[in-house]
Amino acid sequence: MAAWEFVLTALSLLIALGWAAVLAVSRRNLSLVPPLSRTGGVAGGLTVSIIVPARNEAGVLPGTLDSLLAQRGLRKEVILVDDHSSDGTERVTSRYLGRGTIYVLPPETPEGWMGKSWACHVGYLNSRGEWLVFVDADSRMKDETLLSDAIGMAAAKGLDALSLIPRLSCNGMASRTMLPTLLMLMYFLAPPSKSNDPSERLAFFFGAFIAVRRSAYEKVGGHSAVRSELLDDKALGELLKSSGMRTALVDASDRFEAEFAGSFSDYLGGMTRLFTQYALDEAKRRGSPARRLSRYLIGGLIFFGSPLALPLIALATAQHPLVIGVSVVPLVASLTSQALYLRWMGERVRYAALAPLAHLAILFALIRVAASSLTGRVRVRWHGRTYVADLRSGTLRLEGGRRSGTGRP
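Computed from a prediction, not measured in an experiment: that's the story for all the values here.

Chemist: Go over the sheet that holds strand E10 (residues 256–258) with me, naming the residues and quoting the values.
Modeler: Strands sit in the order E5-E10-E7 across an open sheet of three strands; the sheet is mixed. A single partner strand is all that each edge strand has here, and the edge strands are strand E5 (140–141) and strand E7 (167–168). Pairing geometry for E5 and E10, over two bridges, is antiparallel. Within E10, the residue paired with methionine 141 across the bridge is phenylalanine 256.

So, in structure tokens, the structure goes:
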């Protein structure tokens, strides 16, 4: 066996072990998050304001509103903020007005605000509850006490803010392809349990469900303080935690469901949005976004590109059969990891065969943002809106069409 064949064999085994480690560590990290306990509701006459920002979500709103209005064990108001939808959202919501839903059409999004942050802020201005619960328009509670248990748990522990981990829906082919890899990577790189550690800066918040004590929300400035952030949920969580508020992340995936994206283009937009936020964070620290993204890109090429590239390299150049056989091990490891995660998610493992598509999609988004960072400007298309990030100044702006467009906020 030639020296380079030995290197190829060792690299193949290391990458395979890397996939096994990512799978094991991500699952362990998630298991450390406490589950939502059944607290028996909220004591006293507490009022909770449920704020639902919606942009062209007419198709899923009935399920969301039905599940919210069915919540019992506390006094509540449901505020639907129509982010200038064009799909009949107002007509759908009108059927719920007599059942306790408040419909709000906000003014045009002001300069310097992002769409969803503005909708959440307008919802807050129209609320009166001691607790504010921000819920995405595609979120569905599976039982009638989830909300009272969440607020009851927060009150019992003296928390200022609480976010719930939902089960992310895998209704479409794109979600079955993309979500296992994305969740593995997310829970590996950003352990959600750190959100519950006061000594850690990380505040892992899911935008699908964020409950905040009104006094704490107002003290930190609420969504107004994060109005120019691309990832408003992440920014709000970190702001609350860095301001000394007591925050917690709780696993409610057995009682609560939400969606991340629908189509492959939606997932590409979501990943572009995430990588752009990393670049903006680096720019705000006066670092080099291009250098940071290049490190991510090198890691991505090794981790996601090698399982496909190594077998091709071995077949084209290697002479020893063992080298060729071992070169396939990283691909087998990545497919096996995908299959096991699909099984944990309650999905059919046959979709694991599509894992290479997920890896290529992640690489594509990363390459696109890394290349754009060299020019200092990144354009992000996310749910019908276009955002322009200036990586030299670390600023972000919403580009035109504030009243029009399609997709979620």
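Chemist: How would you summarise a nonpolar patch on the surface if you had to cite specific residues and measurements?
Modeler: Taken together, Met173, Phe264 and Leu357 make up a surface patch of nonpolar side chains, about 270 Å² in accessible area. Here methionine 173 shows up in helix H6 (residues 173–189).

Chemist: Go over helix H10 (residues 289–317) with me, naming the residues and quoting the values.
Modeler: Taking 1.5 Å per residue, 29 residues should reach 42 Å; H10 reaches only 37 Å between its end C-alpha atoms and comes up short. The axis of H10 is deflected most strongly, by about 65°, at serine 306, and proline proline 307 appears within four residues downstream.

Chemist: For the packing of H6 against helix H13 (residues 355–373), give the residues involved together with the corresponding values.
Modeler: It is at 8 Å that the axes of H6 and H13 come closest, and there the two elements cross at 70°. In this view, H6 runs roughly perpendicular relative to H13, as classed from their interaxial angle. The element H6 and its partner H13 pack so that their crossing is right-handed. In this structure, H6 uses Thr177, Met178, Thr181 and Leu182 to contact H13, whose residues at the interface are Leu357, Ala358, His359, Ala361 and Ile362. The residue inventory of the contact of H6 with H13, partitioned by class, reads six nonpolar, three polar and no charged.

Chemist: A description of the pattern of salt bridges should follow, citing residues and the corresponding values.
Modeler: In this structure the tally under the stated criterion is 22 salt bridges. Measuring nitrogen to oxygen at the nearest pair gives 3.3 Å for the salt bridge that ties arginine 140 to glutamate 257. Here arginine 140 is found in strand E5, whereas its partner glutamate 257 is found in strand E10, with 117 residues between them in sequence. Residue classification places arginine 140 among the buried residues on the basis of a relative accessible area of 19%. Exposure remark for glutamate 257: the relative accessible area of 15% places this residue in the buried category.

Conventions used here
Residues numbered from 1 in each chain as written. Predicted model: local features only at pLDDT ≥ 70, side-chain atom pairs only at ≥ 80, totals over all residues. Heavy atoms only, no water. Pairing = 2+ DSSP bridges. Helix = DSSP H or I, 4+ residues; strand = E, 2+ residues; numbered from the N terminus. Patch = residues over 30% accessible without salt bridge, like charges linked within 9 Å, V, L, I, M, F, W, Y side chains within 5 Å. Areas by Shrake-Rupley, 256 points an atom, 1.4 Å probe, with all protein chains shown as cover. Salt bridge = Lys/Arg side-chain N within 4 Å of Asp/Glu carboxyl O. Expected span 1.5 Å × (residues − 1). Bend = angle between axes of the 7 residues up to and from the residue. Axes fitted to C-alpha atoms, helices over the stretch in contact; angles between N-to-C directions. Parallel < 35°, antiparallel > 145°, perpendicular 65-115°, else oblique. Left-handed = near helix turned anticlockwise from the far one by under 90°. Contact = heavy atoms within 4.5 Å. Nonpolar A, V, L, I, M, F, W, Y, C, P; charged D, E, K, R; others polar. Buried < 20%, exposed > 50% of the residue type's maximum accessible area, 1.4 Å probe, protein only.

Take it as geometry only, folks, not as evidence of what the structure does.
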